[in-house]
Amino acid sequence: MRSSTTQRQAPRVPGRSVQELLDAERVAIPPALRETAADDVGCTDVKVECFTSQAFFDLEMERMWPRVWQMACRVEEIPRVGDHVVYEIGRYSLLIARSAPDRIQAFHNACLHRGRILRSQSGNVQSFRCPFHGFEWTLDGRLADVPCRWDFPDIVDEEWSLPEARVDTWGGFVFVNMDEDAEPLDAYLAEIPEHFREWALEDRHKVLHVAKVIEANWKVVLEAFVESHHVLATHPQIMPSTGDTNTQYDVSADRPHTNRMITAMAVASPTLGDDYPEQKIVDAMLGGSSRVAAGRTGLVVPEGQTARSFMADLARGAQQAASGLDLSHATDSEMLDAIEYYVFPNFCPWGGYQRNIMYRFRPVGCDPERTLMEAMFLVLPPADGDRPPPSPMKLLETDEKWSSVPELGILGPVFDQDMSNLSMVQKGLRATRKPTVTLARYQESRIRHLHATLDRYVSNP
Ligand code: FES
Ligand SMILES: [Fe+2]
């Protein structure tokens, strides 16, 4: 944590700020939540072509994606030697493999003979054998077999190991980077390892993984999930229980790859006025939320208690019962709020002690107007210690709604509302006569930050 950023004052937002809500906490507040950073990361408009043009997309593919740390999978997805995950990003394909009990490696997923993709699907194998002519590599990437060896007199085995990408882990996630000269993951993640220390995502397991292909640029999709400015028009039904225009956005000029927002829950949107009844906040949450107190009805906020502390106590009780952990030290904010971090370019892990949401956004192939959006839930370890295997990805069909997945709870209908915008944004960006999009100075500062970092990569040959 840097004093230079902690001392900066966030712009005044309407209603009670996140920091004022923290003032009402009943336990010690983690320094991470007290940290604010609202640096000026430029206020220029963003060119429309960066969402629509194939040339800009190709620059991202050449200069950005191969140089950044990307979340490829969960460690829990490759527990046994030989387990591997195929991670695809645009034209690149990587094979993330557990090559030994304590070793994970990432290989460029292409045969060194005539270039066939080595593994088209995740799974478990004892070696990587190309289906085309049968060239074979060991799990740690050494050349193991060349069929008709007599016909390849020039192959030197030591020079025919599978090319590797860099691998590191944080929070139970495997990250990869194709750039040998990239800074270490720990430095890239800046404040995130320290902020998440107590939330320990490495101890969680993945209970849900849902994905959908969306007809829009990857940034159009991502940018709809890093601001709360759109809640009032797109998700009005959650305004009685969701802070929106009083969301805190933390953007630091000296941390190019990370930022954060905190959207308070169990408080009403400032747009609904200062005196929104506490009981109505609780009623709204019980009616619609599965994140806190699912299925409970008729709960009455005791005299003198706020909806926020009441709902946080319910959430704390439920999480303690499920995990056996003592969460008496956890703030109401950590039990309720959307504490959403961002790791450039495409990963959003949520902090706190609840069912943590993770988003990932990837272009589909080399199409600038198609994106795979993924949402995952990580939960605290179960009290009996028996973790189920990680949930495989469920890919929704084009016409399938997120709300058809009951486990998504309130997020299902909320995502469906987001979907109604995304392809329409892409269509509008093609139709518009205005060459730029204009961003709010504070509420869309995370998007400014993203574009400032992206511009640095694409302008660097
Ligand atoms: S292309 Fe892989 S063995 Fe020939
Ligand atoms: Fe939304």
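All figures in this text were calculated on a predicted structure; none of them were measured in a lab.

### Some details on helix α14 (residues 445-458)
So, point 1. The end-to-end C-alpha distance of α14, which contains 14 residues, comes to 20 Å, matching closely the 20 Å that a straight helix rising 1.5 Å per residue would cover.
So, point 2. Buried residues of α14: Ser445, Arg446, Ile447, Arg448, His449, Leu450, His451 and Leu454, and no others.
So, point 3. In this fold, the buried residues of α14 make contact with β1 (46-47), α5 (54-64), α8 (218-223), β13 (248-250), β14 (258-263) and β15 (338-343).

### What to know about the nonpolar core
So, point 1. Formed by 114 residues in total, the largest nonpolar core has its most connected members in Ala72, Ile96, Val176 and Met311.
So, point 2. Formed jointly, this core draws a minimum of three residues from each of two domains, domain 1 (3-51 + 203-458) and domain 2 (70-177).
So, point 3. Non-local contacts of Ile96, meaning those with residues more than four positions away in its chain, are made with Ala72, Cys73, Ile78, His84, Val85, Tyr87, Ile104, Ala106, Val174 and Val176.

### Describing the domain arrangement of the chain
So, point 1. Annotation of the chain at the domain level lists domain 1 (3-51 + 203-458) and domain 2 (70-177).
So, point 2. Using only C-alpha atoms to locate each centre, domain 1 and domain 2 end up separated by 35 Å.
So, point 3. Opposite the 12 residues of domain 1 that make contact, domain 2 presents 10 residues.
So, point 4. Elements supplying a minimum of two residues to the side of domain 1 that touches domain 2: β12 (205-214), β16 (347-351) and β17 (356-363).

### Concerning the sheet that holds strand β18 (residues 371-379)
So, point 1. If you trace the eight strands from one edge of the open sheet to the other, you get β13-β14-β15-β16-β17-β18-β12-β19, paired in mixed fashion. The strands lining the two open edges of the sheet, one partner per strand, are β13 and β19 (394-395).
So, point 2. Its contacts with the sheet put α14 on β13, β14 and β15, and the angle it makes with β14 is roughly 170°.

### Structural notes on the sheet that holds strand β7 (residues 128-129)
Within a sheet, neighbouring strands are paired by backbone hydrogen bonds and run either parallel or antiparallel to one another.
So, point 1. An order of β7-β8-β9 is seen for the three strands of this open sheet, with the pairing classed as antiparallel. Only two strands of the sheet have a single neighbouring strand rather than two, namely β7 and β9 (143-145).
So, point 2. Summarising the sheet, β7 and strand β8 (residues 136-137) pair through two bridges and their orientation is antiparallel. Bridge pairing in β8 links Phe128 to Trp137.

What counts and how
- Residues numbered from 1 in each chain as written.
- Chains lettered and ligands numbered in written order.
- Predicted model: local features only at pLDDT ≥ 70, side-chain atom pairs only at ≥ 80, totals over all residues.
- Helix = DSSP H or I, 4+ residues; strand = E, 2+ residues; numbered from the N terminus.
- Expected span 1.5 Å × (residues − 1).
- Buried ≥ 20, exposed ≤ 12 C-beta atoms within 10 Å, placed from the backbone.
- Contact = placed C-beta atoms within 7 Å.
- Core = buried A, V, L, I, M, F, W, Y, C linked by C-beta atoms within 7 Å.
- Domains from an automatic or database assignment.
- Pairing = 2+ DSSP bridges.
- Axes fitted to C-alpha atoms, helices over the stretch in contact; angles between N-to-C directions.

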